Amino acid sequence: MATSAPHALRTPFLRNPTLSLSSKPTLSSVFPVSLSSRRRAAPRLVVVLSAARLDAKPTVLVAEKLGEAGLDLLKEFANVDCSYNLSPEELCTKISLCDALIVRSGTKVSREVFESSGGRLKVVGRAGVGIDNVDLGAATEFGCLVVNAPTANTVAAAEHGIALLTAMARNVAQADASVKAGKWQRNKYVGVSLVGKTLAVMGFGKVGSEVARRAKGLGMHVIAHDPYAPADRARAIGVELVSFDEALASADFISLHMPLTPATSKVLNDETFAKMKKGVRIVNVARGGVIDEDALVRALDGGIVAQAALDVFTVEPPPQGNTLVLHERVTATPHLGASTMEAQEGVAVEIAEAVVGALKGELAATAVNAPMVPAEVLTELKPYVVLAEKLGRLAVQLVAGGSGVKTVKVSYASARAPDDLDTRLLRAMITKGLIEPISDVFVNLVNADFTAKQRGLRITEERTVLDGSPESPLDSIQVQIANVESKFASAISESGEITVEGRVKDGVPHLTKVGSFEVDVSLEGSIILCRQVDQPGMIGTVGSILGEENVNVSFMSVGRIAPRKQAVMAIGVDDQPSKPALKRIGDVPAIEEFVFLKL
């Protein structure tokens, strides 16, 4: 067995990558490279500007207002065209004359924009964090790099979170409106003190940790939930990392700093509000969609939530007459988290530096996609790329809430020589699967190691050299997460790690091992894992429950220790079963534990 040095995470290839991927594992997801006889090409980045302009300055179109410091940086390198409030038609007309485009959130960079550029547009810069207004798939397809500015707003957002926290606690907005209406209601607007109260920071990234620092200065006891938060950083600030449920149950105040992902959409809902301490107060300067707004109104009316302070909403601006906005115990601001003069200048500088670097042929860690690779390069790797991401997604979903992922080992079994298989793309996809479900970061080869390092995630790689034909690039991929608890105890292998392993069969990724149990289930749709007493009729019992719920079973496999002992059943399903259906499965007497995993 040949073991490579840990990628913890050294990134000597980030400035000149040869492969990358977009936010989806498709053929249009990596850099132009040439791999003769499957050998690794010399690292190089190809940035192609229009031939007619190789000796001239590139042109950067700034479509929304940008700070002067950023504009000055751009003007040192490029011709800058500041044209604001362009209609979609005007943007499409102008874009064919531009090598780069910088926008904020108000300009939609659609497929039509990339088509109209005629191949000249090479960089789109989003001055801010979110990239919902940029068609990433089209950008990748047309060979256009997309970069954003994720760090400059940190302090501004944290300060606004604290401003809402204190204003809410002392009823500042309501009292102000009352006085301006000619009233003097001192008894009505008695507030609550922050000293000694418990603040739960949900999402302990850049903004969350800065909020925690400031809350500690106000005399609050701060706890946090984030499965990727480095324990040493939390200890240094004086913050205790806890599970999601413990954070909800313990908090007097909750401050939300999580991204909006499928896993966090409406994460605060009727069920989670019911777990909170009566009279809790909630601040949200993250994303509106993480709260079920109708459920929040019910929680406010029912007395579970005493107050809420909201800077973001599911629909922005909220419709006229919105019940939540008009609620007497809600303080609302119009998405002001990044709205300070200093933050606006910082964003301008950050995005200008990223765009200029990209036009020079460099790639920053803020890249959120990457140009294409010819289809023939990925023809044989494509199913393994999909397998790698799905194994990462499966593994992270098996981690119990408060454990935190810090150490991951990836093992490749292959008959190819070590220098005949570049695993960077596969490692990036595993990192993508581990991180993206609970993050708003788009992981690719350019930023995978950087993103993992930011989150304290250490990934090591190991190769087992097999005898046999090297026609297939890999025999199997195994992902192990160490030093964590598991939602599904049977996923813990004999060596003590959460372990999942997979293979590609007939071009389709399969899960072939969970913990110490051999299984065989196609990684399409989603998976239910059950540990059971090995006895006749179990497949029929569970299959009948799913059939009655109109849930189609695509694959079913049973791995066991020995006849009539323990077994693990892996069931591939096309749809997510309802909660009652899952409860019925869990209530089957012979089933000792089960878990639903969404792919």
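In this text the structure is predicted, and so the values were computed from the model without any measurement.

Engineer: I'm lost on the overall build of the chain in this one. Help?
Structural biologist: A tally of regular secondary structure across the chain gives 19 helices and 23 strands. A buried classification covers 53% of the 599 residues belonging to the chain. Summarising the internal contacts of the chain: among those between residues at least 6 apart in sequence, 68% fall at separations of at least 24. Of the roughly 25,600 Å² of accessible surface on the chain, a fraction of 52% belongs to carbon and sulfur atoms.

Engineer: Would you mind going over the packing of helix α18 (residues 538–548) against helix α19 (residues 579–587) with me for this structure?
Structural biologist: Relative placement of two packed helices is described by the angle separating their axes and the distance separating the axes. Two elements in contact, α18 and α19, have axes separated by 10 Å at closest approach and are oriented at 165 degrees. With respect to each other, α18 and α19 are oriented roughly antiparallel. Judged by the twist between their axes, the crossing of α18 over α19 is right-handed. Contacts from Val-542, Ile-545, Leu-546 and Glu-548 in α18 reach Ala-581, Arg-584 and Ile-585 in α19. The residue inventory of the contact of α18 with α19, partitioned by class, reads five nonpolar, no polar and two charged.

Engineer: Would you explain empty space enclosed by the protein in this entry?
Structural biologist: Empty space left among the atoms is revealed by rolling a probe the size of a water molecule over them. Tallied over the full model, the rule gives one cavity of 30 Å³ or more. In this structure, the largest cavity spans a volume of roughly 40 Å³. In terms of lining, the largest cavity is formed by Ser-414, Arg-416, Ala-417, Pro-418, Leu-421, Arg-463, Thr-464 and Val-465. Of all the elements, strand β15 (residues 458–465) adds the most residues to the lining of the largest cavity, at three residues. Among the residues making up the lining of the largest cavity, the classes are represented as four nonpolar, two polar and two charged.

Engineer: It is not clear to me how the sheet that holds strand β6 (residues 145–148) should be interpreted in this structure. Could you clarify?
Structural biologist: Sheets are built from strands that pair by backbone hydrogen bonding, the pairs being arranged parallel or antiparallel. Across the sheet, which stays open at both edges, the five strands sit in the order β3-β2-β4-β5-β6 with parallel pairing between neighbours. Of all strands in the sheet, those bounded by a partner on one side alone are β3 (79–82) and β6. The mean angle between the axes of side-by-side strands here comes to 20 degrees, regardless of whether they run parallel or antiparallel. Across three bridges, strand β2 (residues 59–62) lies against strand β4 (residues 100–103) in parallel orientation. Of the residues in β4, the one forming a bridge with Leu-61 is Leu-101. The sheet contacts of helix α1 (residues 68–77) involve β2, β3 and β4, and relative to β3 the element is tilted by about 140 degrees. Contacting β2, β4, β5 (123–126) and β6, helix α13 (residues 341–359) runs over the sheet at an angle of about 170 degrees to β5.

Engineer: What should I look at first to understand the sheet that holds strand β21 (residues 553–560) in this one?
Structural biologist: In space, the four strands of this open sheet follow the order β21-β22-β20-β23, with antiparallel pairing throughout. With partners counted over all chains shown, the strands left at the sheet margins are β21 and β23 (591–598), one partner each. The mean angle between the axes of side-by-side strands here comes to 15 degrees, regardless of whether they run parallel or antiparallel. Sitting on the sheet, α19 is in contact with β20 (526–533) and β23, with an inclination near 150 degrees to β23.

Engineer: For this particular structure, what's the right way to read the confidence of the model for the chain?
Structural biologist: Predicted coordinates in areas of low pLDDT are best not read in detail. The predicted model of the chain averages 84 in pLDDT, with 87% of residues at 70 or higher. Within the model, pLDDT remains below 50 along residues 1–55, and this stretch shows 151 contacts once partners closer than five positions in the same chain are excluded.

Engineer: Which parts of the structure should I look at to understand the pairing of β5?
Structural biologist: Every regular strand shows the same layout, with side chains that alternate between the two sheet faces. What you see with β5 is no split at all: Val-123 and Gly-125 on one side and Val-124 and Arg-126 on the other are buried throughout. Bridge count between β4 and β5: four bridges; the pairing is parallel. Note that in β5 the partner of Ala-100 across the bridge is Val-123. The pairing of β5 with β6 spans four bridges and is classified as parallel. Along β6, the bridge assignment pairs Val-124 with Val-146.

Engineer: Even after reading the chapter, I still don't get the side chain of Thr-333, so can you show me in this structure?
Structural biologist: Relative to the helices and strands, Thr-333 resides in the loop between β13 (330–332) and α13. A distance of 3.1 Å separates the side chain of Thr-333 from the side chain of His-160, its partner in a polar contact.

Engineer: I'm lost on a negative patch on the surface in this one. Help?
Structural biologist: Among the surface-exposed residues, Glu-68, Asp-72, Glu-76 and Glu-345 lie close enough to one another that they form a single negatively charged patch. The element best represented in the negative patch is α1, accounting for three residues. By the element assignment, Glu-345 lies in helix α13.

Engineer: Explain the side chain of Ser-526 here, please?
Structural biologist: Relative to the helices and strands, Ser-526 is located in strand β20. Dropping the residues within four chain positions of it, Ser-526 is found in contact with Ile-571, Gly-572, Val-573, Phe-596, Leu-597, Lys-598 and Leu-599.

Engineer: What's the story with the pairing of β4 in this structure? I'm lost.
Structural biologist: Burial of the side chains of β4 extends over both faces: Ala-100 and Ile-102 are buried on one face and Leu-101 and Val-103 on the other. On the question of chirality, the crossover connecting β4 to the parallel β5 by way of helix α3 (residues 111–116) is right-handed.

Engineer: Sorry if this is basic, but what is going on with the pattern of salt bridges here?
Structural biologist: Pairing of side chains with opposite charge becomes possible as their charged atoms draw close. Considering all chains together, one arrives at 23 salt bridges under this definition. In this structure, Asp-245 and Lys-275 form a salt bridge, with 3.3 Å as the shortest nitrogen-oxygen distance. Taken together, the residues span a long stretch of sequence, with Asp-245 in helix α9 (residues 244–250) and Lys-275 in the loop between α10 (270–273) and β11 (280–284) at a distance of 30 residues. Assessed through its relative accessible area of 40%, Asp-245 is described here as partly exposed. In this structure, the salt-bridge partner of Glu-436 is Arg-393, at a minimum N-O distance of 3.9 Å. Residue Glu-436 is located in the loop between α16 (424–435) and α17 (448–454), and its partner Arg-393 is located in helix α15 (residues 382–397); the two are separated by 43 residues in the primary sequence. A cluster of three or more residues bridged by salt bridges with shared partners is formed by Glu-389, Arg-393, Lys-432 and Glu-436.

How each quantity is defined
- Residues numbered from 1 in each chain as written.
- Predicted model: local features only at pLDDT ≥ 70, side-chain atom pairs only at ≥ 80, totals over all residues.
- Heavy atoms only, no water.
- Helix = DSSP H or I, 4+ residues; strand = E, 2+ residues; numbered from the N terminus.
- Buried < 20%, exposed > 50% of the residue type's maximum accessible area, 1.4 Å probe, protein only.
- Contact = heavy atoms within 4.5 Å.
- Areas by Shrake-Rupley, 256 points an atom, 1.4 Å probe, with all protein chains shown as cover.
- Axes fitted to C-alpha atoms, helices over the stretch in contact; angles between N-to-C directions.
- Parallel < 35°, antiparallel > 145°, perpendicular 65-115°, else oblique.
- Left-handed = near helix turned anticlockwise from the far one by under 90°.
- Nonpolar A, V, L, I, M, F, W, Y, C, P; charged D, E, K, R; others polar.
- 1 Å grid on protein atoms, 1.4 Å probe; cavity = no way out; pocket = protein on both sides within 12 Å on 5 of 7 lines; lining within 4 Å.
- Points joined across faces, edges and corners; volume = space filled by probe spheres on them.
- Pairing = 2+ DSSP bridges.
- pLDDT = per-residue confidence, 0-100.
- Polar contact = N/O pair within 3.5 Å; in protein donor to acceptor, adjacent residues only side chain to side chain.
- Patch = residues over 30% accessible without salt bridge, like charges linked within 9 Å, V, L, I, M, F, W, Y side chains within 5 Å.
- Salt bridge = Lys/Arg side-chain N within 4 Å of Asp/Glu carboxyl O.
- Lys, Arg positive; Asp, Glu negative; His and termini not counted.
- Charge placed at Lys NZ, Arg CZ, Asp CG, Glu CD.
- Right-handed = clockwise from strand over helix to strand, strands pointing away.

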